[in-house]
Every structure is written in structure tokens, then in C-alpha cells.
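In case you want the letters, here they are:
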Amino acid sequence: MNIETEEQIIKHDVSIKGRKRTEMTGISDVTSFDDGTIIAQSDNFGVSIEGENLKIEKFNAESGEFVLNGQINGIFYFTNTSQKKKRSIMDIFK
């Protein structure tokens, strides 16, 4: 039995404004991005944002704040183990 304490659960909120802007909290990494798909990670899950002309406006790994603009067609969640580990955006800028 897997019991998580409140400290282990990362707060995650999503706000979609007119399918043109998405704001998220609780994001710790962006592992893949192009103008059609952005793959982001938290400590507990992964999220795939699909659309057109997607652009990352803001990402702060320390605060977990993530903002993107573009035509949002779908947001899909997955367990972190269901995706192959991809190169992290944080690795690129080190």
C-alpha cells in the first residue's frame, strides 16, 4: 500500500484562458517542446499540451510556475514512468 503524506503531494493548478493561454503551477521541468507539443513534468506526473503555435512564455522550476501561449487543442496527463526519459530543458541551459 502506497501512502503519501501531504508534504509529498505537489499542488497543481491549471488555468486555460480562451484556449490561447495556459497557466500551470507545480511544474518542475519541461522535457520536450516544439510549436505543436510541450511535455512538462511535476514530481508526481507528466503532462502533454498539444496545439498549434505553442510558445513557452514563462517557466520557473523553483516556483513551479509555467505559462504558455498558442492554440490549445488538448492537455493530457500521464504517470512519469509511462514516458521515456527525455533530455531536460534544464540540462540544455546548464
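Summarised in this report is the structure supplied together with it. (Residues numbered from 1 in each chain as written. Predicted model: local features only at pLDDT ≥ 70, side-chain atom pairs only at ≥ 80, totals over all residues. Heavy atoms only, no water.)

1. Points about the overall build of the protein chain
Here is step 1: Counting its secondary structure elements, the protein chain contains 1 helix and 6 strands.
Here is step 2: Helices and strands in the protein chain line up, N terminus first, as β-β-β-β-β-β-α.
Here is step 3: Across the 94 residues in the protein chain, those meeting the buried criterion constitute 33%.
Here is step 4: In the protein chain, of all internal contacts separated by at least 6 residues, the share reaching a separation of at least 24 is 50%.
Here is step 5: Approximately 6300 Å² of the protein chain is accessible, and the part contributed by carbon and sulfur atoms is 50%. (Helix = DSSP H or I, 4+ residues; strand = E, 2+ residues; numbered from the N terminus. Buried < 20%, exposed > 50% of the residue type's maximum accessible area, 1.4 Å probe, protein only. Contact = heavy atoms within 4.5 Å. Areas by Shrake-Rupley, 256 points an atom, 1.4 Å probe, with all protein chains shown as cover.)

2. Regarding the side chain of glutamine 71
Here is step 1: Among the secondary structure elements, glutamine 71 is positioned in strand S6 (residues 65–78).
Here is step 2: A distance of 2.8 Å separates the side chain of glutamine 71 from the side chain of lysine 20, its partner in a polar contact.
Here is step 3: Contact partners of glutamine 71, with chain neighbours within four places excluded, come to Arg19, Lys20, Glu50, Gly51, Glu52 and Leu54. (Polar contact = N/O pair within 3.5 Å; in protein donor to acceptor, adjacent residues only side chain to side chain.)

3. Section: the pairing of strand S3 (residues 29–33)
Here is step 1: In the sheet, S3 pairs with strand S4 (residues 37–41) via 4 bridges, with the strands oriented antiparallel. By the bridge assignment for S4, serine 32 is matched with isoleucine 39.
Here is step 2: Once S3 ends, the chain turns through 3 residues before running back antiparallel as S4. (Pairing = 2+ DSSP bridges.)

4. Structural notes on the pattern of salt bridges
A pair can form between side chains of opposite charge whenever their charged atoms are brought close.
Here is step 1: Per the stated rule, a full pass over the model turns up 5 salt bridges.
Here is step 2: Measuring nitrogen to oxygen at the nearest pair gives 2.9 Å for the salt bridge that ties glutamate 23 to arginine 21.
Here is step 3: Residue glutamate 23 is classed as partly exposed on the basis of its relative accessible area, which comes to 26%. (Salt bridge = Lys/Arg side-chain N within 4 Å of Asp/Glu carboxyl O.)

5. Quick notes on the environment of phenylalanine 45
Here is step 1: Position of phenylalanine 45 among the secondary structure elements: in the loop between S4 and strand S5 (46–60).
Here is step 2: Its relative accessible area of 15% is what places phenylalanine 45 among the buried residues.
Here is step 3: Counting along the chain gives 32 residues from phenylalanine 45 to tyrosine 77, while the straight-line C-alpha distance between them is 6.9 Å.

6. Some thoughts on the sheet that holds S3
Here is step 1: Spatial ordering of the open sheet is given by S1-S2-S6-S5-S4-S3, a layout of 6 strands whose pairing is antiparallel. The sheet is open, and its two edges are formed by strand S1 (14–17) and S3, each paired on a single side. When strand polarity is set aside, the average angle formed by the axes of neighbouring strands in this sheet is 40 degrees.
Here is step 2: With 4 bridges connecting them, S1 and strand S2 (residues 21–24) associate as antiparallel partners. Considered in S2, the bridge of valine 14 is made with methionine 24. (Axes fitted to C-alpha atoms, helices over the stretch in contact; angles between N-to-C directions.)

In short, shape yes, function no, at least from these values alone.
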